[in-house]
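# Commentary on secondary and tertiary structure
So the chains spell out like this:
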Amino acid sequence: MQEQNDLIKSRLDALEQIKKLGVNPYPYRFDVTANSAEVLNSFKDPANENEAEAQKQKIVSLAGRIAAIRRMGKASFCHIKDDAGKIQVYIRQNDVGEQMYKLFKLLDIGDIIGVNGFVFRTKMGEISIHVTSFELLTKSIHPLPVVKEEVTETGEKIVHDAFADVELRYRQRYVDLIVNEPVKDTFIKRTKIIQLIRATLEKNGFFEVETPTLQTVYGGANARPFVTHHHTLDIPLYLRVSNELFLKRLIVGGFNRVYEFVKDFRNEGIDRTHNPEFTQVEWYQAYGDYNDSMNLFEEVVEQACISVHGKTKIDYQGTELDFKRPWKRLKMVDAISERNGIDVLNMKKADIVKFMKERKIEFDSAISHSKGLLIAALFEETCEESLIQPAFIIEHPLDTTPLCKPLREYSMHQLEEMKNDPEQVIFAERFEPYIYKWELGNSYSELNDPILQRKLLEEQAERGRAGEGDTHPLDEDFIKSIEVGMPPTTGVGLGVDRLVMLLTNSHSIRDVIFFPLMKPL
RNA sequence: GGGCCCGUAGCUCAGUGGUAGAGCAUCUGCCUUUUAAGCAGAGGGUCGGAGGUUCGAGACCUCCCGGGCUCACCA
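What counts and how
Residues numbered from 1 in each chain as written. Chains lettered and ligands numbered in written order. Predicted model: local features only at pLDDT ≥ 70, side-chain atom pairs only at ≥ 80, totals over all residues. Heavy atoms only, no water. Near = heavy atom within 4 Å. Polar contact = N/O pair within 3.5 Å; in protein donor to acceptor, adjacent residues only side chain to side chain. Domains from an automatic or database assignment. Core = buried A, V, L, I, M, F, W, Y, C linked by side-chain atoms within 4.5 Å. Buried < 20%, exposed > 50% of the residue type's maximum accessible area, 1.4 Å probe, protein only. Helix = DSSP H or I, 4+ residues; strand = E, 2+ residues; numbered from the N terminus. Contact = heavy atoms within 4.5 Å. Axes fitted to C-alpha atoms, helices over the stretch in contact; angles between N-to-C directions. Parallel < 35°, antiparallel > 145°, perpendicular 65-115°, else oblique. Left-handed = near helix turned anticlockwise from the far one by under 90°. Nonpolar A, V, L, I, M, F, W, Y, C, P; charged D, E, K, R; others polar. Pairing = 2+ DSSP bridges. 1 Å grid on protein atoms, 1.4 Å probe; cavity = no way out; pocket = protein on both sides within 12 Å on 5 of 7 lines; lining within 4 Å. Points joined across faces, edges and corners; volume = space filled by probe spheres on them. Patch = residues over 30% accessible without salt bridge, like charges linked within 9 Å, V, L, I, M, F, W, Y side chains within 5 Å. Areas by Shrake-Rupley, 256 points an atom, 1.4 Å probe, with all protein chains shown as cover. Salt bridge = Lys/Arg side-chain N within 4 Å of Asp/Glu carboxyl O. Lys, Arg positive; Asp, Glu negative; His and termini not counted. Charge placed at Lys NZ, Arg CZ, Asp CG, Glu CD. Phe/Tyr/Trp six-rings, centres within 6.5 Å; stacked < 30°, edge-to-face > 60°. Lys NZ or Arg CZ within 6 Å of the ring centre and 35° of its normal.

This part is about the protein's contact with RNA strand B. In the vicinity of RNA strand B, 56 residues are found, and the nearest of them are Asn94, Lys148, Glu167, His274 and Arg510. Expressed as a percentage, the sugar and phosphate content of the atoms of RNA strand B within 4 Å of the protein is 55%. Here Glu268 contributes a side-chain N or O atom positioned 3.2 Å from a sugar or linking oxygen of RNA strand B. Between RNA strand B and the protein, one listed contact pairs a sugar or linking oxygen with a backbone N or O atom of Glu439 at 3.4 Å.

Here it is, written out as structure tokens:
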């Protein structure tokens, strides 16, 4: 049962009195003819006497939640909030009648009302609605935080007693959205960004598809899955960690350009850039390579930025970021060279290990068998922090992924030789876009050699997750689809939440997910 | 999971071992162009929870719960 403090009691008491007045506190509908923004914009010149007279003849109907009440005996001002903003309304007993004014006195902050009236300007100059009649549309019985807003003479807004407890804001997002205006704006931008990505992909001929969330075998990313169980079939099921392997099956099936926005689920740590469920968009393009993906990635992100900011330069947490195309493209080994002054290609595996140990660069000893993985670890530890402006890191060691093609410049013969030499590193046609130190995505010239694909996935399955003990399962059906034949293909994954964080200047991923995971109380 | 910090009224916050406070909100009264409306009065607390130290704990100690930052894992 709900807490029975005096605030709730007085609201429940008001609810009873409203019912006694013969008023249904939860009626069915209300005809809305305008929103607050339209009303405010409709009054062109408040100082113009003729316009003021004309406005009096026009009745508008507007509905919203009471955000503030200032009562002065037999007349009152309220601010009501609707989908478009906030507007002041003026209610007088003379206009609405004694009975309705009695009802008005029983209203609280948080109640939803519909008002009819004409637009006017108060002595203090605020465009408001002079109410001629109103209806209670929903009685609220739970008190809202009372946030007060002061507008200084210079037009600056000062918010007093803002609802700031982050835990309560995330747990009760509906309250957060009601009382903290910038929150709603962030989520509107989130939707705009997603719409823009979709529009850009559609413009480029991509086709939106849906693939399974519940999977009998998980794959496509190196991550711990959430496990669930199907009762009737009595089998374990996994929540997807990626949709990559299914989208490739669709390329095999003859869809040349597909994309999907998905929730991926990864059973890993939670911090300000990680939520257990997060949104990715992945797209796959037959007959293209990772250069095509890079170009489209830039376009998608630049256009998303312009769609919410109207420009490519933005501020993120005090740092200026410029999303203007083209972005810098930097080979991983060159990035390492720039930061560390070493040429890893001309170093023995043992020298790289020595270098990392000397610099106290930590790495999992399980990777020391692979020069490629050592290079990737060295990159992550020494270069990521310097990647502030949008940039593509390209040409990762092939060992970092089982799903990517080696560079096209290697001859078949060269590849065979290099594979057998632990001092050689094969590089892959892969890129990762970095912005503000974060990986924002991942892309390959997709591996479509079924023999090599099987070999690499089998190796990964054998290795399992280093230190975790659980093995990475082999998706036989996926390999079968590659055996059927996948055309040359490139694919991209883009982390939507992080892009939204950057474009909305949000400090935490929890600020861009309506209902982030919270421990139960 | 480790380290550091936080949790006091519906909300925002004071309170450095000695009678639990303020502003807003709420309730009562007054107030027909106010705007962080105003004036007069009133009520509201298991100080996150459980133990402990002490004559005495909101404060000190231990454990637990929730959150923030950070490291690890990861995107």
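Now, onward.
Split by domain assignment, chain A resolves into domain 1 (2-144) and domain 2 (183-327 + 389-512). A straight line from the C-alpha centre of domain 1 to that of domain 2 covers 50 Å.

Within the largest apolar cluster, 91 residues are counted, with the highest numbers of intra-cluster contacts made by Trp283, Phe297 and Phe323. In terms of residue count, helix 10 (residues 290-309) provides more of this core than any other element does, 9 residues in total. Not counting the four nearest positions on each side in its chain, Phe297 is found in contact with Trp283, Trp327, Phe392, Phe431, Pro433, Leu440, Val492, Gly493 and Leu494. With 27 residues, the next largest nonpolar core counts Ile18, Phe43, Ile87 and Leu136 among its residues.

So, about the packing of helix 11 (residues 332-340) against helix 13 (residues 371-382). As a packed pair, helix 11 and helix 13 sit with axes 10 Å apart at the nearest point and diverge in direction by 50°. Looking at the two axes, helix 11 sits oblique to helix 13. Remark: the crossing between helix 11 and helix 13 carries left-handed chirality. Here helix 11 contributes Met332, Val333, Ala335, Ile336, Arg339 and Asn340 to the contact with helix 13, which in turn contributes Ile375, Ala376, Leu378, Phe379 and Thr382. Tallied by class, the residues present in the contact of helix 11 with helix 13 amount to 8 nonpolar, 2 polar and 1 charged.

Pairing is mixed around the closed barrel formed by 5 strands, whose spatial order is 1-2-3-5-4. Each adjacent strand pair in this sheet contributes to an overall mean axis angle of 50°, direction not counted. As paired strands, strand 4 (residues 112-121) and strand 5 (residues 127-138) are joined by 10 bridges and run antiparallel to one another. Paired with Ile113 across the bridge in strand 5 is Leu136.

Okay, the pairing of strand 12 (residues 257-265) next. The buried fraction of strand 12 is high, at 7 of 9 residues. As paired strands, strand 8 (residues 207-208) and strand 12 are joined by 2 bridges and run parallel to one another. Across the sheet, the residue bridging to Glu208 is Tyr259, located in strand 12. As judged from the 9 bridges shared by strand 12 and strand 13 (residues 277-286), these two strands associate in the antiparallel manner. Counterpart to Glu260 in the pairing with strand 13 is Glu282.

Moving on, we come to empty space enclosed by the protein. All told, the structure shown has 1 cavity of 30 Å³ or more when counted by the stated rule. Its volume calculated, the largest cavity comes out at about 30 Å³. Per-element tally for the lining of the largest cavity: the top contributor is helix 9 (residues 244-252), with 3 residues. Its residues assigned to classes, the lining of the largest cavity shows 4 nonpolar, 4 polar and 2 charged.

Taken as a whole, the second largest pocket spans an internal volume of roughly 960 Å³. Residue lining of the second largest pocket: 37 residues in total, with Lys81, Lys86, Glu149, Val179 and Glu181 positioned closest to the centre. Of all the secondary-structure elements, those providing two or more residues to the lining of the second largest pocket are strand 1 (60-72), strand 2 (75-82), strand 3 (85-92), strand 6 (148-151), strand 7 (157-160), helix 7 (173-179) and helix 8 (181-203). At 6 residues, strand 1 tops the list of elements feeding residues into the lining of the second largest pocket. Residues of the lining of the second largest pocket, tallied by class, amount to 18 nonpolar, 7 polar and 12 charged. A domain split of the lining of the second largest pocket shows at least three residues from each of domain 1 (2-144) and domain 2 (183-327 + 389-512).

For the rest of this paragraph, the subject is a negative patch on the surface. A cluster of acidic residues, Glu362, Glu380, Glu381 and Glu439, forms a negative patch at the surface. Considering the arrangement of structural elements, one finds Glu362 in the loop between helix 12 (349-358) and helix 13. In this structure Glu362 comes out as exposed when scored by relative accessible area, which is 68%.

Relative to the elements of secondary structure, Lys157 occurs in strand 7. Overall, Lys157 belongs to the exposed group, its relative accessible area being 54%. For the pair Lys157 and Leu250, spaced 93 residues apart in sequence, the C-alpha separation works out to 52 Å. In this structure Lys157 touches Glu149, Glu150, Val151 and Glu181, once residues within four positions along its chain are discounted.

Take the packing of aromatic side chains next. Inspection of the entire model under this criterion finds 20 aromatic pairs. Both rings, one in Phe187 and one in Phe514, keep their centres 4.0 Å apart while their planes meet at 15°; by these two values the pair is stacked. With Phe187 in helix 8 and Phe514 in the segment after helix 17 (496-504), the pair connects residues that are 327 residues apart, well separated along the chain. Ring centres of Phe297 and Phe392 lie 6.1 Å apart, and the angle between their planes is 75°; on these two criteria the pair is classed as edge-to-face. On the criterion of sequence distance, the pair formed by Phe297 in helix 10 and Phe392 in strand 17 (residues 391-394) is long-range, its members being 95 residues apart. For the pair formed by Phe297 and Phe392, the shared burial category is buried. Site record: aromatic cluster; members linked through ring pairs are Trp283, Phe297, Trp327, Phe392 and Phe431. Residue placement shows Arg249 over the ring face of Phe246; its charged tip is 4.5 Å from the ring centre. In this structure, Lys437 packs its charged tip against the face of Tyr436, placed 5.4 Å from the ring centre.

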